[in-house]
Amino acid sequence: MDIAHERYTQLVKHIPASTSMADMERIRAAFEYANAHHGDQLRKSGEPYIIHPIAVAEIVNELELDPDSIIAALLHDCLEDTDATYDEIAHLFGQQVANLVDGVSKLTRIQYTSKEDEQMENLRKMFMAMARDVRVILIKLCDRLHNMRTLQYQSTPKQKEKALETMEIYAPIAHRLGMQKIKWELEDLSLQYLDPVAYDEVEKELEELTSAHAEFLSSMQKRIEKRLAEEGIQCQVYGRVKHIYSIYRKMYAQNKTIKEIFDLYAFRVIVSDIPTCYNVLGCIHDMFNPVLGRFKDYIGTPKPNGYQSLHTTVIGREGIPFEVQIRTWEMHQTAEYGVAAHWKYKQGMANRQLGSEQEFEWVRKLLESQQDADPDEFVHTLRVDMFADEVFVFTPNGDVKSLPAGATPIDFAYSIHSAVGNHMTGARVNGRLVTFDTPLTNGDIVEIITSRSAKGPSRDWMKICKSNEARNKIRQWFKKERREENIATGRTMFESELKHAGLTLAAVTASAEVLDTLLKQLRFGSLDELYAAIGYGGMSAQKAAGRIKEELTRQGRLERQRAEQEALQAAAAAAGEAIFPASAKAPQPTAQGKTASGIIVEGLDNCMVKFSKCCTPVPGDPVVGFITRGYGVSIHRQDCPNADPARRKPDERGRWVKVAWADTADTAYRTSLDISAKDRDGLALDIATVLSAQKVKVNNLSARSQPDGYAVVFLELSVKDRAEITAVVNKLSQIPGVFLVRRAGSQTSN
Ligand code: MN
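Residues numbered from 1 in each chain as written. Predicted model: local features only at pLDDT ≥ 70, side-chain atom pairs only at ≥ 80, totals over all residues. Heavy atoms only, no water.

(A) Molecular detail of the overall build of the protein. When helices and strands are counted, the protein shows 29 helices and 20 strands. Each of the 750 residues in the protein was classed as buried or not, and the buried ones make up 47%. In the protein, of all internal contacts separated by at least 6 residues, the share reaching a separation of at least 24 is 66%. (Helix = DSSP H or I, 4+ residues; strand = E, 2+ residues; numbered from the N terminus. Buried < 20%, exposed > 50% of the residue type's maximum accessible area, 1.4 Å probe, protein only. Contact = heavy atoms within 4.5 Å.)

And the structure:
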């Protein structure tokens, strides 16, 4: 048997016995297929290449993933390194396996170069976004783990490069997925190549300490086991030393010596259930002195990636601190294998895509719960799970750009620099020329072809692009580069919008006042600037026209008020001391003199008029006007006590003016009546009946009984003129019991 088959036999031995014969057969077929395709390819170590996929399949199997994952692990380098095709793999091993292999190959194709933190986070996001199926990430992590385990055969620059990549991309992803065991191994292997001197130093010091403390540690373990057995607790106790990278980080980041690190040693006590965890904790604290502030209840409050355990640090009699971690078997699985452990527990659910509901939910929660790690990171990770609205692509230099989903080469170009977008003449995606509206997909390498003589963006680009950044930059370009054109376009648009509103441009530009106010309101220095803004889309023509209309209306109103005010003042001055003779001929209505109020004020056109509340005059009533201060002319009946010439104040005499009724056929005037009657049942009803028969509009009717057996009824009516109100008064007077009907403000009955 050759070495390939030997290694394969080893793998098979560890595959769970529960695996079906059919699956075992598929696994064997995958091995034979990969073995045949890799042929006599060799690894740097000199071994046949097939040893690597077998080793990856072994690690996948250790994670207890499903048979499809083991098959995909065996085939994972076939697409990239041999003449095998996706279709052939799909045909032989099924679509699921082909997709897994394809997914791993895509991740393999990503070229990483070390970047700033933000770039790294984008890379991690792209990595996860591209994977789709969480198994792709898991297989890729196993692949990387084996490559790191055999990194000694690579050249020094290659070692550094892979180690850095592992530290920056793979270990954080393993951490995020809760896979501590793989994470630690990846970190330790990376450190070995990134800082070999420090690695050796820590390793050596640790070895010295551990061998010095070996006896102590084994006696501690025995004491713990003995005590817990006495308490009747079923458990498994493991002693362990922290992994090198975590010690290294503590020593260098916190500037501590190895002896100052409290949790160099740890014991793990694994029990069957949660209450037992707390019982064990009680025993431990009873046996040793706990170090203050070192107890952590990660069962009550799990760590961001789902990790659960009780942690406490205690000091033995020898003065050596050590940590005790207490957890259940299930917590242990999750701690070691993270998302993979979850996978195992959920076995039996078909088609567990990363995007599918349950799986997605779990990963999403995992990512979400990392919020306490770092608020910035939380925002980033939270967006990772919303793969749907982001797409990650590469620049030709290997920088990652994050763009909105559906983004096009236009978005990409403007995300690099507005000058790149403005001078863009073509685009290549993965080396192929594409149209500007081609949607980009995760992992695409995008190259923009520019030319100095490019004509600049077209307005259509604003509709094609998906990012606000691109849209704004295109708008900016139009704003700057096409001023003349924008002014012309803007002017046309504005004019047509004005026309729509029933205005002309001439009417707007004629009034400097209107124009100034408009420009000030919209914050433009000149009309051209306004046109330009409308032209490039920074201002809507509709809005500008709307403002104009409002402004014209406002100015019109001001104009009228000013004219009235002036006229009133002039009239008051002209009237002087003169009292309007009662015999004087009332002014005749003229076309201009006709007012909305139905009153003509002598010598005044279009003045404001109001009817006094005290006597509520209606057309036909002899009336007189009084020029008030600021409220126009107040109209009184001549028989109103307030208009009585005998009671007029001497200094106000000049303000009494002659007025007359104009032709006011269609207007209704409010007036009021007081009725005095003997109180009786049905009085109000009789009054209402009369008013109804007279077809008078009643605005208000209130009746009040007096203690002396009389009633007072107050009426507010709308009538056309004096004739109508006189008729109403006559009819009301005929109602039995009514003895007085009078117009408000009158001293006598009409
Ligand atoms: Mn590989």
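(B) Fine view of the packing of aromatic side chains. For the structure shown, the criterion picks out 16 aromatic pairs. With a centroid separation of 6.0 Å and 65° between ring planes, the pair formed by F216 and F322 is classed as edge-to-face. In this pair, F216 sits in helix α12 (residues 196-230) while F322 sits in strand β6 (residues 321-328), placing the two residues 106 residues apart along the sequence. With respect to class, F216 is no different from F322; both count as buried. Ring centres of Y245 and Y248 lie 6.0 Å apart, and the angle between their planes is 25°; this geometry places the pair in the stacked category. Taken together, the residues Y245 and Y248, both in helix α13 (residues 244-253) and three residues apart, mark about one turn of the helix. (Phe/Tyr/Trp six-rings, centres within 6.5 Å; stacked < 30°, edge-to-face > 60°.)

(C) View of the sheet that holds strand β15 (residues 633-637). Read across the open sheet, the five strands follow the order β12-β16-β14-β15-β13; overall the sheet is mixed. Looking at the sheet topology across the chains shown, the edges are occupied by β12 (599-601) and β13 (609-611). The sheet shows a mean angle of 35° between the axes of neighbouring strands, direction not considered. Two elements, β13 and β15, share three bridges in a ladder whose sense is parallel. Bridged to F611 within β15 is I635. (Pairing = 2+ DSSP bridges. Axes fitted to C-alpha atoms, helices over the stretch in contact; angles between N-to-C directions.)

(D) Representation of the sheet that holds strand β11 (residues 446-450) in the model. As summarised here, the arrangement of the three strands in space is β10-β9-β11, forming an open sheet in which the pairing is antiparallel. The open sheet has two edge strands, β10 (432-434) and β11, and neither has a second partner. Across the sheet, the mean angle separating the axes of adjacent strands is 35° when strand polarity is ignored. Where strand β9 (residues 424-429) meets β10, three bridges bridge the pair, whose relative direction is antiparallel. By the bridge assignment for β10, R428 is matched with L433.

(E) Geometry of the coordination of the manganese ion. H52 (NE2), H76 (NE2), D77 (OD) and D143 (OD) make up the full set of protein donors to the manganese ion, lying at 2.1 to 2.5 Å. Mapping the donors of the manganese ion onto the primary sequence gives the spacing H-x23-H-D-x65-D. Pair noted here: H52 is in helix α3 (residues 51-62) and H76 is in the loop between α4 (67-75) and α5 (78-81), with a separation of 24 residues, a long-range link. What makes H52 buried here is its relative accessible area of 1%. Taking the relative accessible area as the measure of exposure, H76 reaches 1% and is therefore buried. (Donors = N, O, S within 2.8 Å, 3.2 Å for Na, K, Ca; no water.)

(F) Main features of α13. Among the residues of α13, those classed as buried are I244, Y245, S246, I247, Y248 and M251. For α13, the elements touching its buried residues are α10 (156-176), α11 (180-194) and α12. N255 sits one or two residues past α13 and shows a positive phi near 55°.

(G) Representation of the state of the cysteines within the structure. Here the structure, examined in full by the defined rule, presents zero disulfides. In this structure C615 is a free cysteine whose sulfur lies 3.8 Å from that of C640, the closest cysteine sulfur available. Given a relative accessible area of 0%, C615 falls into the buried group. (Disulfide = S-S within 2.5 Å.)

(H) Inspection of the confidence of the model for the protein at higher detail. Of the residues in the protein, 85% have a pLDDT of 70 or more, and the chain-wide mean is 81. Confidence drops under a pLDDT of 50 for residues 345-362, and excluding neighbours within four residues, the segment shows 37 contacts in the predicted structure. For the stretch residues 366-387, pLDDT sits under 50, and the model shows 38 contacts to residues farther than four places along the chain or on other chains. (pLDDT = per-residue confidence, 0-100.)

(I) A look at the side chain of E187. Along the chain, the position of E187 falls in helix α11. Given the relative accessible area of 6%, E187 is considered buried.

(J) Spatial organisation of the pattern of salt bridges. What the rule picks out here adds up to 25 salt bridges. With a closest N to O distance of 2.9 Å, E25 and R28 form a salt bridge. Of this pair, E25 and R28 both sit in helix α2 (residues 21-38), three residues apart, which is roughly one turn of the helix. With a relative accessible area of 43%, E25 lands in the partly exposed category. One salt bridge in this structure joins D286 and R227, with 2.7 Å as the shortest N-O distance. Highlighted residues: D286 in helix α14 (residues 274-287) and R227 in helix α12, separated in sequence by 59 residues. Beyond isolated ion pairs, a larger network of salt bridges with shared partners links D23, R26 and D68. (Salt bridge = Lys/Arg side-chain N within 4 Å of Asp/Glu carboxyl O.)

(K) The environment of R268, seen in detail. Tracing the backbone through its elements, the reader meets R268 in strand β2 (residues 265-271). Along the chain, R268 and H311 lie 43 residues apart, while their C-alpha atoms are 9.4 Å from each other. Those residues in contact with R268 that lie beyond four places of it in its chain are W184, Q236, V237, Y238, R240, Q325, R327, H332 and E336.

(L) Seen up close, the packing of α2 against helix α6 (residues 86-93). α6 packs onto α2 with a crossing angle of 155° between their chain directions and a minimal axis gap of 11 Å. Our classification of the angle between α2 and α6 gives roughly antiparallel. Regarding α2 and α6, the two cross each other, and that crossing is right-handed. On α6, the residues touching R26, A29, A30, Y33 and H37 of α2 are E88, I89, L92 and F93. Among the residues forming the contact of α2 with α6, the class breakdown is six nonpolar, one polar and two charged. (Parallel < 35°, antiparallel > 145°, perpendicular 65-115°, else oblique. Left-handed = near helix turned anticlockwise from the far one by under 90°. Nonpolar A, V, L, I, M, F, W, Y, C, P; charged D, E, K, R; others polar.)

(M) Structural view of the layout of surface pockets. In this structure, the second largest pocket encloses a volume near 650 Å³. Counting residues per element, the ones that place at least two in the lining of the second largest pocket are α5, α7 (95-109), α9 (134-149) and α10. Ranked by the residues each element gives to the lining of the second largest pocket, the list is headed by α10, at five residues. Within the lining of the second largest pocket, the residues separate by chemical class into eight nonpolar, seven polar and 12 charged. (1 Å grid on protein atoms, 1.4 Å probe; cavity = no way out; pocket = protein on both sides within 12 Å on 5 of 7 lines; lining within 4 Å. Points joined across faces, edges and corners; volume = space filled by probe spheres on them.)

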